[in-house]
Amino acid sequence: MIQHLDVDGVPTLLAPTGGPMHAGLTFRVGTADETLARSGITHLIEHLALAPLGLADYHVNGATAPAFTTFHTQGSEADIAAFLTAVCGHLSDLPVARLDVEKEILRTEWSSRGSAAVDDIPLWRYGARDFGLSSYPEWGLGALTADDLRQWVARWFTRENAVLWIAGDRVPTGLRLTLPGGVRQPVPVASSALPTTPAYFVSGARAVVLDSVVRRTTAASTFAGVLERELYRSLRQDAGLSYTTTTGYEPRGDGYATLRALADALAEKQDAVLGGFIDVLAKMRVGRIEQADLDATIAKREDLLATTEVDAARLPGYALNLLTGQPNLTLDEYRAELKAVSIADLHEVVGEVTASALLMVPGGHTADWAGFTAAPTHSADTVDGPTYRAREGAGGIRLGIDGVTYLRTDGHLTVRYADCAAMLAWPDGARQLIGADAIVLHIEPTMLGLPPGTIQAIDAGVPADRHVTMPARSADQIPQPKPIERQPEPAGRSWWEVPVMVLSGLGTLLMGGLFLLLTIGMFAAEESSEDDAWFWGVIVVGWVLTVILALPIVLLKRRRR
């Protein structure tokens, strides 16, 4: 049984265990409670609370999730008491002398983490806010001060916003939870960056991933297991297309849960995996769900419920439910719900999965043929204002009083100042505006013909609490327009060609003009004389010489071509 206790005003859960004693202190605060411009504050506080402990001889850890932050330990009773007492003491009096050091550690942690296929899904579904922030770097670290951290602790890391859980026989002797008083904080309301679902987006990952939001029910968690069995049988066992086929079910804390499914693929088999994945969903959507899969999934969970460690294993999830006001079922209640799940219940869950589906497809593929709508990659509207063209290529920037639009041939990008989640600012004048809908607009002054004061006007338009100062870039990191290349002189040209052409032209002009006047004069003469034949001979010779003088121009021009 799970006992409900109280330690220094903190709700406490206690359950027996046959293994080593372990415990966790969980707070209802995470990345989803932050803003993009100040992201990383919860993670930084978690690090500061653990930093003075150094290298422990027993297991200690901290974790910051979208809606929760947990400090966990395993060891002797004395070790657990010392650890949790120290963590609470550090939260009440943060070791801010390590602030800069821990910031650098967090930046290193982010830069060294590997990319996972599902990393970008939150921003596509939620945008650059609440549950979508887990897709972004912790850009807010640089601006955070000791006072910012203290205010965050006072609001979120309180007795009323925490639950202690202990897998052991008793509360460790000497445990003290010296936390400030406060109030229980609700889970943030989830936003949406998707105008319509089911939707899809294209990723560079070699996998197909389904992300959906469903009501948190026993039937929904059971469906995740049934779907995993069907994907394994269809894509790995029968077709030999995938190696990894897996599903996950994670409560969000607000009465809903995220249900995901993944199937990996070789580059040459991505078409087949995508088609097979969608075929599995279509099969289940029309009600073709195997009873054997449902029975196997229920039997597997019943086996877990029969273990002696079941209560201890339930403690972390039980604590999260307590923090968020979600119901905690007894084992008997859960067994009854599990046995009552039917094929009809699963079919209802499939409808929820399909209706809210966000499908990640490999590069070069689409899913519109299967009824999925492409998730937006550009804005539906533009701002009104003057337009400044790019120095290279098509497009440009349009500046309005309420935002900025980047004009592109493949779709415009608009970020309005009021909806700007963060603006990254570089010392050289570059700016990157990130809208709440995850639209990203990058401004490079070197590549745009912007009038003086433009960047300052943009800075003034974006609220000051959303500015993020970025480190200076080296000269080779700042883009520059390509220099205009002068055409090289064709091979075979000589320096004397142009002067000869000029002299030839002048000679032709003078001689041609002289003999043109003589020719006109001869035609205009009323009387003829014996000398006329001689004059006409001179004129003919003159015109021949004029043509000869003009020949260098024609020949050299042709040669230069």
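Residues numbered from 1 in each chain as written. Predicted model: local features only at pLDDT ≥ 70, side-chain atom pairs only at ≥ 80, totals over all residues. Heavy atoms only, no water.

Colleague: Summarise the overall build of the protein chain; cite the residues concerned and give the values.
Modeller: When you go through the protein chain residue by residue, the secondary structure sums to 14 helices and 20 strands. A compact globule built from 561 residues should have a C-alpha radius of gyration of about 24 Å, whereas the protein chain, at 38 Å, is more than 25% larger. Reported as C-alpha extents along the three principal axes, the dimensions of the protein chain are approximately 145 × 60 × 45 Å. Looking at the protein chain as a whole, 44% of its 561 residues qualify as buried. Expressed as a percentage of contacts within the protein chain between residues at least 6 apart in sequence, the contacts between residues at least 24 apart total 74%. As displayed, the protein chain offers around 28,000 Å² of accessible surface, 57% of which is attributable to carbon and sulfur atoms. For the protein chain, the distance from the average position of its 47 positive side-chain charges to the average position of its 65 negative side-chain charges is 1 Å. (Helix = DSSP H or I, 4+ residues; strand = E, 2+ residues; numbered from the N terminus. Rg over C-alpha atoms; globule rule 2.2 N^0.38 Å. Buried < 20%, exposed > 50% of the residue type's maximum accessible area, 1.4 Å probe, protein only. Contact = heavy atoms within 4.5 Å. Areas by Shrake-Rupley, 256 points an atom, 1.4 Å probe, with all protein chains shown as cover. Lys, Arg positive; Asp, Glu negative; His and termini not counted. Charge placed at Lys NZ, Arg CZ, Asp CG, Glu CD.)

Colleague: Please provide a residue-by-residue account of the sheet that holds strand 8 (residues 207-215), values included.
Modeller: Taking strand neighbours across the sheet as the criterion, the six strands line up as 9-10-8-11-7-12 in an open arrangement whose pairing is mixed. On the outer flanks of this sheet lie strand 9 (245-251) and strand 12 (373-374), each paired with one strand and no other. Bridge count between strand 8 and strand 10 (residues 256-264): nine bridges; the pairing is antiparallel. Residue pairing in the sheet places Asp 211 in a bridge with Arg 260 of strand 10. Sheet contacts for helix 11 (residues 343-355): strand 8 and strand 10; angle to strand 8, the most-contacted strand, approximately 115 degrees. (Pairing = 2+ DSSP bridges. Axes fitted to C-alpha atoms, helices over the stretch in contact; angles between N-to-C directions.)

Colleague: Before we move on, can you summarise the sheet that holds strand 6 (residues 162-167) with the specific residues and values?
Modeller: Reading across from one edge, 1-2-6-3-5-4 is the order of the six strands in this open sheet, with mixed pairing throughout. This sheet does not close on itself; its edge strands, each paired only once, are strand 1 (3-7) and strand 4 (59-64). Across the sheet, the axes of successive neighbouring strands diverge by a mean angle of 20 degrees, strand direction being ignored. When strand 3 (residues 22-27) meets strand 6, the two strands line up antiparallel, connected through six bridges. Counted as the bridge partner of Ala 23 is Ile 166 from strand 6. Lying on the sheet, helix 1 (residues 41-50) is in contact with strand 4 and strand 5 (69-74); it crosses strand 4 at an angle near 165 degrees. Helix 2 (residues 77-92) rests against strand 3, strand 4, strand 5 and strand 6 of the sheet, and its axis sits at about 150 degrees to strand 5.

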